[in-house]
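Below are the chains, spelled out letter by letter.
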Amino acid sequence: MSDPLRIHIEKVVPLTDEEFAIVASYFIGKKYKKYQFLIQEGEPVTYHYFVVKGLLKLVYTDDTGKSHIVGFAMEDWWESDFQAFYTQKKATMSLECIEDTEVLCVSLENYRKLCNELPKIERFFLEKAYFGFIAAQQRIISMMTSGTKERYNQLLQQYPLLVQRVPKSLLAAYLGVSRETLSRLSR
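Sequence order sets the numbering: in each chain, residues are counted from 1 along the sequence as written. Residue-level local features of this predicted model are given only where pLDDT is at least 70; pairs of side-chain atoms are given and counted only at 80 or more, and the full residue set underlies all totals for whole chains, interfaces and linings. Think of the side-chain values as coming from all heavy atoms in the structure, minus any hydrogens and water.

- With an unreviewed UniProt entry as reference, the chain is termed Crp/Fnr family transcriptional regulator, source organism Chryseobacterium piperi.

Encoded structure:
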């Protein structure tokens, strides 16, 4: 299960076999079934997850009880309720499996130890954070300035494999439109 992690890391920083053995020693593998939660709102967030296989959705529920899909994560992606993970506070979001999922998990303590032991891994995580921030900013700007059709086309262009796997009702929620509107757009 750790081979995909090595391939993923080496897209950013090269690793010797010895270095990767160190990296792998800080992660644990877990398997989840469809509809199972990795994180539930109000609970502690124990791990930062690397998706080996499967598909997840990150959901925020507002004060009125309305659910908002913050993001999706599929193979080769990282996900967590990052605010809760890094501040060690209770989750404000839930992370749920859309498909049966396999992940590699790292705790905050092990994340920090690993970064101290291998500075190049700290650089790797910093690069991942940069690209995560960029993606989040692009999504915010798109939500503020683009129409529904344009946002849908941007999603299709950026993540064609994701769009094929995510149910239309969830894509509609992510885009902030009704299922019917999404059906009209996808014709």
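### Things to note about the overall build of the chain
Okay, so step 1: Scanning the chain from terminus to terminus reveals nine helices and eight strands.
Okay, so step 2: It is over C-alpha atoms that the radius of gyration is taken, and the globule rule equals 2.2 Å times the number of residues to the power 0.38. Since a compact globule built from 187 residues should have a radius of gyration of about 16 Å, the 17 Å found for the chain is in line with a globular shape.
Okay, so step 3: If you line up the chain on its principal axes, its C-alpha atoms span 55 × 35 × 30 Å.
Okay, so step 4: Per-residue burial for the chain yields a buried fraction of 40% across its 187 residues.
Okay, so step 5: By element, 53% of the accessible surface of the chain is carried by carbon and sulfur atoms, the whole surface being about 10600 Å².
Okay, so step 6: In this tally, Lys and Arg are treated as positive and Asp and Glu as negative; His is ignored, and so are the chain termini. Every charge is mapped to an atom, namely NZ of Lys, CZ of Arg, CG of Asp or CD of Glu. Averaged over its 24 positive side-chain charges, the chain has a centre that lies 7 Å from the centre of its 23 negative ones. To qualify as a helix, a DSSP run of H or I must reach at least 4 residues; to qualify as a strand, a run of E must reach at least 2; elements of each kind are numbered from the N terminus. Burial classes: relative accessible area under 20% of the type maximum marks a residue as buried, over 50% as exposed, and values in between as partly exposed (1.4 Å probe, protein chains only). Working definition of accessibility: Shrake-Rupley area with a 1.4 Å probe, residue cover restricted to the visible protein chains.

### Describing a nonpolar patch on the surface
Okay, so step 1: Together, Leu126, Tyr130, Phe131, Phe133 and Ile134 make up a nonpolar patch on the protein surface, roughly 540 Å² of accessible area in all.
Okay, so step 2: Counting through the fold element by element, Leu126 comes out in helix α5 (residues 119-145).
Okay, so step 3: Judged by relative accessible area, which is 43%, Leu126 ranks as partly exposed. Patch membership needs two things, relative accessible area over 30% and no salt bridge, and members are linked within 9 Å if like-charged or within 5 Å if nonpolar (Val, Leu, Ile, Met, Phe, Trp, Tyr). Each salt bridge in this description consists of a side-chain nitrogen of Lys or Arg and a carboxyl oxygen of Asp or Glu lying within 4 Å of one another.

### Some words on the pairing of strand β3 (residues 47-53)
Okay, so step 1: For β3, the tally of buried residues reaches six of seven residues, placing the bulk of the element in the interior.
Okay, so step 2: One requirement defines pairing of two strands: DSSP has to find at least two bridges between them. When β3 meets strand β8 (residues 101-107), the two strands line up antiparallel, connected through six bridges. Paired with Phe50 across the strands is Leu104, a residue of β8.

### Notes on the packing of helix α6 (residues 148-158) against helix α8 (residues 168-175)
Okay, so step 1: For the pair α6 and α8, the least separation of the axes is 11 Å and the interaxial angle reads 120 degrees. In terms of orientation, α6 and α8 fall into the oblique class. Considering only the axes of α6 and α8, their crossing is right-handed. Contact residues: α6 offers Arg151, Tyr152 and Leu155, while α8 offers Lys168, Leu171, Tyr174 and Leu175.
Okay, so step 2: Throughout this entry, Asp, Glu, Lys and Arg are counted as charged residues, while Ala, Val, Leu, Ile, Met, Phe, Trp, Tyr, Cys and Pro are counted as nonpolar. The remaining residues, Gly among them, count as polar. Of the residues assigned to the contact of α6 with α8, the class counts are five nonpolar, no polar and two charged. What counts as an axis is a line fitted to C-alpha atoms, over the stretch in contact for a helix, and the angles between N-to-C directions run from 0 to 180 degrees. Roughly parallel covers angles under 35 degrees, roughly antiparallel covers those over 145, roughly perpendicular covers 65 to 115, and oblique covers all other angles. Each crossing gets its handedness from the near helix: less than a right angle anticlockwise from the far helix is left-handed, clockwise is right-handed. Pairs of residues are marked as contacts when any of their non-hydrogen atoms sit within 4.5 Å.

### A closer look at the layout of surface pockets
Okay, so step 1: Taken as a whole, the largest pocket holds about 1500 Å³ of empty space.
Okay, so step 2: Lining the largest pocket are 39 residues, and of these Phe131, Gly132, Phe133, Ala135 and Ala136 sit closest to its centre.
Okay, so step 3: Those elements giving two or more residues to the lining of the largest pocket turn out to be β5 (67-74), β6 (78-79), α3 (82-87), α5, α6 and α8.
Okay, so step 4: With 15 residues, the single largest contributor to the lining of the largest pocket is α5. Using a grid of 1 Å spacing that covers the protein atoms alone, one calls a set of points a cavity when a 1.4 Å probe fits there but cannot get out, and a pocket when the set is open and has protein on both sides within 12 Å along at least five of seven lines; lining residues are those with an atom within 4 Å of a point. Grid points are joined across faces, edges and corners, and a volume is the space filled by probe spheres set on the points.

### Let's talk about helix α2 (residues 17-25)
Okay, so step 1: Among the residues making up α2, those that are buried are Glu19, Phe20 and Val23. The arc that holds the buried residues of α2, viewed along the axis, is 95 degrees, so those residues lie on one side. Summarising the geometry of α2, the exposed residues directed more than 90 degrees from the buried face are Asp17, Glu18 and Ser25.
Okay, so step 2: Next to the buried residues of α2 lie α1 (3-9), α4 (108-117) and α5. Our arc is simply the arc of the directions from the helix axis toward the C-beta atoms.

### Quick notes on the sheet that holds β6
Okay, so step 1: One open sheet holds the four strands; their spatial order is β1-β8-β3-β6, and the pairing between them is antiparallel. Looking at which strands have only one partner, the edges of the open sheet turn out to be β1 (28-32) and β6.
Okay, so step 2: In terms of strand pairing, β1 meets β8 through five bridges, oriented antiparallel. Of the residues in β8, the one forming a bridge with Gly29 is Leu104.

### Describing the nonpolar core
One recurring pattern in soluble globular proteins: nonpolar side chains tend to sit buried together.
Okay, so step 1: Nonpolar core, defined: a set of buried Ala, Val, Leu, Ile, Met, Phe, Trp, Tyr and Cys residues in which side-chain atoms within 4.5 Å join the residues together. Ranked by size, the top nonpolar core spans 39 residues in total, and within it Leu5, Val23, Phe27 and Tyr49 carry the most contacts.
Okay, so step 2: Sort the elements by how many residues they give to this core and β3 lands first, with five residues.
Okay, so step 3: Aside from chain neighbours lying at most four places away, what touches Val23 is Leu5, Ile9, Leu15, Leu114, Leu118 and Ile121.

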